[in-house]
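# Commentary on secondary and tertiary structure
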Amino acid sequence: MSGRTRARACPERTCVGCRERAAKAELLRIVAIKGACVPDPRGTLPGRGAYVHPAPVCLDQAVRRRAFPRALRVPGPLDTKALRHHVEQTTVAEQATR
Ligand SMILES: [Zn+2]
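Residues numbered from 1 in each chain as written. Predicted model: local features only at pLDDT ≥ 70, side-chain atom pairs only at ≥ 80, totals over all residues.

Time to look at the overall build of the protein. Counting its regular elements, the protein contains three helices and five strands. Starting at the N terminus, the α and β elements of the protein follow one another as β-β-β-β-β-α-α-α. In the protein, which comprises 98 residues, the proportion classed as buried is 26%. For the protein, the share of sequence-separated contacts (at least 6 apart) that also reach a separation of at least 24 residues comes to 56%. (Helix = DSSP H or I, 4+ residues; strand = E, 2+ residues; numbered from the N terminus. Buried ≥ 20, exposed ≤ 12 C-beta atoms within 10 Å, placed from the backbone. Contact = placed C-beta atoms within 7 Å.)

Below is the structure:
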C-alpha cells in the first residue's frame, strides 16, 4: 500500500470560453440537444458535456471561436439563445445577492 489517498479530491474542467481550468462546481455544464446548447446546472443530462464559466464573457468567447460544436463533437452550429438566457439570469441573480 502506497500512500496515495487524496489524488483527485477536486475534479477540474477547462472552460471552453477563457480556456482556464476551474473546479467542476464553478463551471456550467452544457450539452447539445437537437442543435441547441442546453445548460445543465445539475449535471444530470446524458451525453458529452462541455464546461463554461456561467458568465457572459466566457459564453461570448466560446461562441466566437465555435467551441461548443467542437467540444460537443457535433457538426453544425449550435443555438445558444437558451444558454445565454440562462447565463444572464444566473449573473443577474448573483449580482442581486451581493
Ligand atoms: Zn471562463
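Moving on, we come to the nonpolar core. Counting residues in each nonpolar core, the largest one holds 18 residues, and the members touching the most others are V16, I30, Y51, V52, A62 and F68. At the level of secondary structure, the elements contributing two or more residues to this core comprise strand 3 (28–33), strand 5 (50–52), helix 1 (56–64), helix 2 (67–72) and helix 3 (81–97). If sequence neighbours within four positions are ignored, V52 has contacts with C15, V16, G17, L27, L28, I30, C58, L59 and A62. (Core = buried A, V, L, I, M, F, W, Y, C linked by C-beta atoms within 7 Å.)

Before going further, it helps to spend a moment on the environment of V38. Mapped onto the fold, V38 is located in strand 4 (residues 36–39). The partly exposed category is assigned to V38, around which 18 C-beta atoms lie within 10 Å. Along the chain, V38 and T80 lie 42 residues apart, while their C-alpha atoms are 7.8 Å from each other. Residues within four places of V38 in sequence aside, it is in contact with I30, V31, I33, L45 and A82.

Across a sheet, paired strands are connected by hydrogen bonds in the backbone, their directions being either parallel or antiparallel. One open sheet holds the three strands; their spatial order is 4-3-5, and the pairing between them is antiparallel. Of all strands in the sheet, those with a lone pairing partner are strand 4 and strand 5, marking the two edges. Here the strands of the sheet are splayed against their neighbours by 40° on average, with no regard to which way each runs. In this structure, strand 3 lies alongside strand 5, joined through three bridges in antiparallel fashion. When the sheet's bridge partners are listed, R29 is paired in strand 5 with Y51. (Pairing = 2+ DSSP bridges. Axes fitted to C-alpha atoms, helices over the stretch in contact; angles between N-to-C directions.)

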